[in-house]
Amino acid sequence: MEKVNFRTQVLTRHLQDNHRVAATAISSSPCLSYTPPEVSEQPSSFDVNSMRKLMDGHNLEDRDWLFNLMIQSKLFNPKLRGGKVFVVPDYNQSMEQQREITMKRIQYLLDHGVFEGWLTRKGFDAEMRKLALLEVIEIFDHSLAIKIGVHFFLWGGAVQFFGTKRHHDRWLSATENYLIKGCFSMTELGHGSNVRGIETITTYDSKTREFVINTPCESAQKYWIGGAANHATHTVVFSQLNIDGKNEGVHAFITQIRDEDGNVCPNIRISDCGHKIGLNGVDNGRIWFDNVRIPRENLLNSVADVSPDGKYLSAIKDPDQRFGAFMAPLTSGRVTIAVSAIYSAKISLAIAIRYSLTRRAFSIAPNAPEVLLLDYPSHQRRLLPLLAKTYAMSFAGNYLKQLYVKRTPQLIKTIHVVSSGFKAILTWHNMRTLQECREACGGQGLKTENRIGQLKGEFDVQSTFEGDNNVLMQQVSKALLAEYAAVKRKNKPFKELGLEHMNKSCPIIPSQLTVSTARSAQFQNDIFCLRERDLLNRFAAEVSRYQAQGESKESAFIASYQLAEDLGRAFTDRAILQTFIEAENNVTDAPLKNVLSLLRSMYVLVTLDEDAAFLRYSYLTTENAATVRKEVAKLCSEIRPHALALVSSLGIPDAFLSPIAFDWVAANSWSTVQN
């Protein structure tokens, strides 16, 4: 308490308008020295290892095994800085060098059994281990993780989920052992999010029993295909399937694009997408198909097939349902992207907060020591709400993984909607966090070795690949509207998408918000549910109003985009909060529960403070909004003593952070230049 009182007194004097300081002689002061925050900060009030278990959620031993495996190899670029070894990719390398080292790292991981069972083992434990190890790889290098993810989750996942036994027997083991290298050809120059609109055309030749794949125009070239430019030998091509002049919609075909010697196959043209703002360890390419012939058996036929004599066969007669069945397995990409975004945010917050616990700026009184950055309320307000949000979204990511791994046909719609919302909100949060942490580290945040600035370029793509975030949020709102319409039409209660709260009476928010109410889980859940309920009603009414004026349903939806965006956020925020509350309710340890309560309140109240919808639609009065704003500042001061323990619980080993997270004075000493 003495330390807390001292800080309070120091900051009070600093913030007071005091003009009485007389001009005095400036005395010399000793040079700055680094004091580890573990020495200067108070001991943690909760068990850090227990908190880490909550954050990572699963497979801690497997994670630590892979961390150590990477630290041991020179392939992962170990560098001694300030008395500590850090493993971070060398982004000063050329694009070609980054691609080469990425493949060498994959070979190292393969040789050490990292990918064992990724495609050939089934069951919950195997799936969760695979996800855990991919998250560790993400922490080291996004390029490496994307390269592996394309091979296993996109190419391998397509073979696994779109294919049948004949494909599994031929391709899965070979993929797991990198006897072939796969890529995933869906995106085109002219079509990204709108998969239904892709222009690649495949026809069937019943005489030779072959499919013929063609790129009919330049806008149909496959674009941004990870692995295509240099290394991939095979790809899954998504194409319109024309049978006897009838377009049967988008289907997937296995196609070889390089031979065993790495030469591009006949009738295939490949070009490099070139240098990017990040992910230069991934060889993104463009592909054209000039009437490429493949065996009939190369159609991935779990949903539809073509008989030897050219008859189109599918148990799903409705084209919309058939397309939905094709797209359903692709949610794995959104799941892994959402979770990796949170680990990126964890890295940047661990670095920025550790730095702010040792870096000082400005003294309050003559000859007084300078103040730690994190002892300034303004600095706390910049970083600690983002830390609380990251904790909340960690619980959301863990929930999403469980939902995906335990998927059933009945859960397909829920997984699609939740993964769309989480992917958008979590990746947007990551980019905001990276920018704030970069700025909070000042000039040191610009240095590549300190990771944060580089991570911005590496992770920026997450806002648009596997679905543009704004489009995904509209899909969330469209699904909610469809559920709303079905319930109203059948006059039955809500049972899906977490909308069961709409079966209850509308929550009432107090006209005068007290501190105890603001921090209660009941109020927090009520106001998030109120926002979602009201926005869904408003959205449905606005779409109906446009339709009554003669607009089509799709045009009405497009015209209501502002409400759609607000609703998508409301749904996702409420879903995130509920994962937090559920995780918190499962904790029995009192110190752990106390700090989680602070973080939950910070997550909710800073959302109320920052989202204009709460004032726009009068869920909060201006007086209550002022109360919320004051409470956010108070929560910052209460979370401040836990800052070191909270970032130490994020599961990021020291070697995967950066020099400014530790002895930044030694890391920048003249001796490091000489060595």
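What you are looking at is a predicted structure, and each value in this text was computed from that prediction instead of being measured.

## Let's talk about the sheet that holds strand β6 (residues 222-226)
Inference 1: With respect to topology, three strands assemble into an open sheet ordered β6-β10-β9, the strand pairing being antiparallel. The outermost strands of the open sheet, each flanked by one partner alone, are β6 and β9 (268-272). Sheet twist, expressed as the mean angle between neighbouring strand axes with direction ignored, is 35 degrees.
Inference 2: With three bridges joining them, β6 and strand β10 (residues 284-289) adopt antiparallel strand pairing. Within β10, the position partnered with Gly226 by the bridge is Asn284.

## A few points about helix α6 (residues 124-140)
Inference 1: Across its 17 residues, α6 extends 25 Å between first and last C-alpha, which sits within 8% of the 24 Å expected from 1.5 Å per residue.
Inference 2: Among the 17 residues of α6, 14 are classified as buried, and the element is accordingly described as predominantly covered.

## Description of the UniProt feature "domain: Acyl-CoA oxidase/dehydrogenase middle" (unreviewed entry) in the protein chain
Inference 1: UniProt marks residues 183-292 with the feature "domain: Acyl-CoA oxidase/dehydrogenase middle" (unreviewed entry), using the numbering shown here.
Inference 2: Split by type, residues 183-292 is 0% helix and 46% strand. Its first and last C-alpha atoms lie 17 Å apart.

## Some words on the packing of α6 against helix α10 (residues 331-356)
Inference 1: The N-to-C vectors of α6 and α10 enclose an angle of 45 degrees; their axes lie 10 Å apart at closest approach. As far as their axial angle goes, α10 and α6 are oblique. Seen along the crossing, α6 lies across α10 with a hand that is right-handed. Taking contact as the criterion, the partners of Leu131, Leu134, Glu135, Glu138 and Ile139 in α6 are, on α10, Thr336, Val339, Ser340, Tyr343 and Ile347.
Inference 2: Its residues placed into classes, the contact of α6 with α10 shows six nonpolar, two polar and two charged.

## Re the pattern of salt bridges
Two side chains bearing opposite charge may form a pair once their charged atoms approach each other closely.
Inference 1: Going through the model one piece at a time under the given rule, you end up with 45 salt bridges.
Inference 2: The closest approach of N and O atoms between Arg121 and Glu116, which form a salt bridge, is 2.7 Å.
Inference 3: For Arg121, a relative accessible area of 41% corresponds to the partly exposed category.
Inference 4: Three or more residues are tied together by salt bridges with common partners; here these are Arg52, Asp56, Arg63, Asp64, Glu135 and Lys401.

Cut-offs applied
- Residues numbered from 1 in each chain as written.
- Predicted model: local features only at pLDDT ≥ 70, side-chain atom pairs only at ≥ 80, totals over all residues.
- Heavy atoms only, no water.
- Pairing = 2+ DSSP bridges.
- Helix = DSSP H or I, 4+ residues; strand = E, 2+ residues; numbered from the N terminus.
- Axes fitted to C-alpha atoms, helices over the stretch in contact; angles between N-to-C directions.
- Expected span 1.5 Å × (residues − 1).
- Buried < 20%, exposed > 50% of the residue type's maximum accessible area, 1.4 Å probe, protein only.
- UniProt positions renumbered as here; feature names shortened; annotations may be inferred.
- Parallel < 35°, antiparallel > 145°, perpendicular 65-115°, else oblique.
- Left-handed = near helix turned anticlockwise from the far one by under 90°.
- Contact = heavy atoms within 4.5 Å.
- Nonpolar A, V, L, I, M, F, W, Y, C, P; charged D, E, K, R; others polar.
- Salt bridge = Lys/Arg side-chain N within 4 Å of Asp/Glu carboxyl O.

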